[in-house]
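# Summary of structural features
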Amino acid sequence: MKVIVIGATGILGKALVNALRKQNGMQILTASRTGNTDLTVDIAEAAQIRKMFNQAGPVDAVICTAGSCAVVPLDRLSEDDLYTGIKSKMIGQINLVLIGKDYLNEGGSFTLTSGFLSDDPMPGGINYAMANGAIDNFVLAASIELKNRIRINAVSPGWVPDQYAGVGTSHLPGQLPVSIDSVVHAYYKSAFGFLTGQVFRVWEESTQWVRK
Ligand SMILES: NC(=O)c1ccc[n+]([C@@H]2O[C@H](COP(=O)([O-])OP(=O)(O)OC[C@H]3O[C@@H](n4cnc5c(N)ncnc54)[C@H](OP(=O)(O)O)[C@@H]3O)[C@@H](O)[C@H]2O)c1
């Protein structure tokens, strides 16, 4: 199995790569903008995505744990702020699929990352909520059109302890973090299991809310 992990130097990406490296028969190609990774890519730039896939050659799974958004409260939020997440987390991940589908082996998979803020928002998180919601809807719609038995899912993580420790409880009163192992497990199931068109919501169920 040849797998590209984009965002491999981040909190989630690092934990995922460590777990995948323990599996037999995995060839992992790591990618980020600036890290010490096998491939260098800014997913906000389509030309760089194309270059990354040309360097990698055919792959079996593409997992993206990259993409950022602006954190700005509504009363100061500008159109340009919104484009931060649209260019990076939203179109960046979508372009990974639009460009990457021609490099995926038959039966391969895409796993994108959204996040709980689209269902259970926090102040300043509008750009994340928009991008996450777009990714969740994109995977559902794209799943019915992808050819060659290619699957696509999103993982929607809750806050993992590293992140939680950095920010504390003040932004999200009453919420508990979710274990990073559970999030890693969801990426694994998405990439190598059987389901397609799904959003794997990995939250601490007692404290985070699923919008009805
Ligand atoms: N951690 C959590 O608790 C949590 C919860 C919910 C959702 N999420 C979502 O999960 C994703 C990963 O979170 P994280 O906490 O692991 O983030 P992180 O620690 O900030 O890591 C982000 C990773 O992505 C890379 N990256 C960022 N922008 C990129 C771009 N435009 N092109 C290519 N690589 C890029 C970073 O490396 P470079 O900067 O070198 O490019 C880094 O490897 C994010 O979308 C986040 O919103 C995380």
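Now for a description of the structure that goes with this document. Just so it is clear, the structure is predicted and the values come from calculations on it, not from any experiment. (Residues numbered from 1 in each chain as written. Predicted model: local features only at pLDDT ≥ 70, side-chain atom pairs only at ≥ 80, totals over all residues. Heavy atoms only, no water.)

Before going further, it helps to examine the pattern of salt bridges. Side-chain pairs of opposite charge can arise whenever the charged atoms involved come near each other. Counted under the stated rule, the structure contains three salt bridges. Across the salt bridge formed by Asp102 and Lys101, the nearest N and O atoms sit 3.9 Å from each other. On the accessibility criterion, Lys101 (34% relative accessible area) is partly exposed. Close ionic contact of Arg149 with Glu106 constitutes a salt bridge, the shortest N to O distance being 3.5 Å. With a gap of 43 residues between them, Arg149 in the loop between α4 (126-143) and β6 (151-157) and Glu106 in strand β5 (residues 104-113) connect regions that are remote in the sequence. Residue classification places Arg149 among the exposed residues on the basis of a relative accessible area of 62%. A relative accessible area of 55% places Glu106 in the exposed class. (Salt bridge = Lys/Arg side-chain N within 4 Å of Asp/Glu carboxyl O. Buried < 20%, exposed > 50% of the residue type's maximum accessible area, 1.4 Å probe, protein only. Helix = DSSP H or I, 4+ residues; strand = E, 2+ residues; numbered from the N terminus.)

Next up on the list: the site of the ligand. Residues in close proximity to the ligand total 27 residues, the closest being Thr9, Leu12, Arg33, Thr34 and Lys89. Separating an oxygen atom of the ligand from a backbone N or O atom of Gly7 is a distance of 3.2 Å. At 3.0 Å, a backbone N or O of Ile43 approaches a nitrogen atom of the ligand. Expressed as a share of its isolated accessible area of 890 Å², the protein-covered part of the ligand is 84%. When contributions to the shell around the ligand are tallied by element, the ones reaching two or more residues are α1 (11-21) and α3 (79-100). (Near = heavy atom within 4 Å. Polar contact = N/O pair within 3.5 Å; in protein donor to acceptor, adjacent residues only side chain to side chain. Areas by Shrake-Rupley, 256 points an atom, 1.4 Å probe, with all protein chains shown as cover.)

Any two aromatic rings considered together are summarised by their centre-to-centre distance and by the angle between their planes. Under the criterion given, the structure shown has three aromatic pairs. Ring plane angle 70° and centroid distance 5.8 Å describe the contact between Phe116 and Trp159, whose orientation is recorded as edge-to-face. Here the residue Phe116 occupies a position in the loop between β5 and α4, and Trp159 occupies one in the loop between β6 and α5 (161-167), the gap between them amounting to 43 residues. In this structure Phe116 comes out as buried when scored by relative accessible area, which is 3%. A ring pair is formed by Tyr188 and Phe192, whose centres lie 4.9 Å apart and whose planes are at 55°; its orientation type is tilted. Pair noted here: Tyr188 and Phe192 are both in helix α6 (residues 180-192), with a separation of four residues, about one helical turn. (Phe/Tyr/Trp six-rings, centres within 6.5 Å; stacked < 30°, edge-to-face > 60°.)

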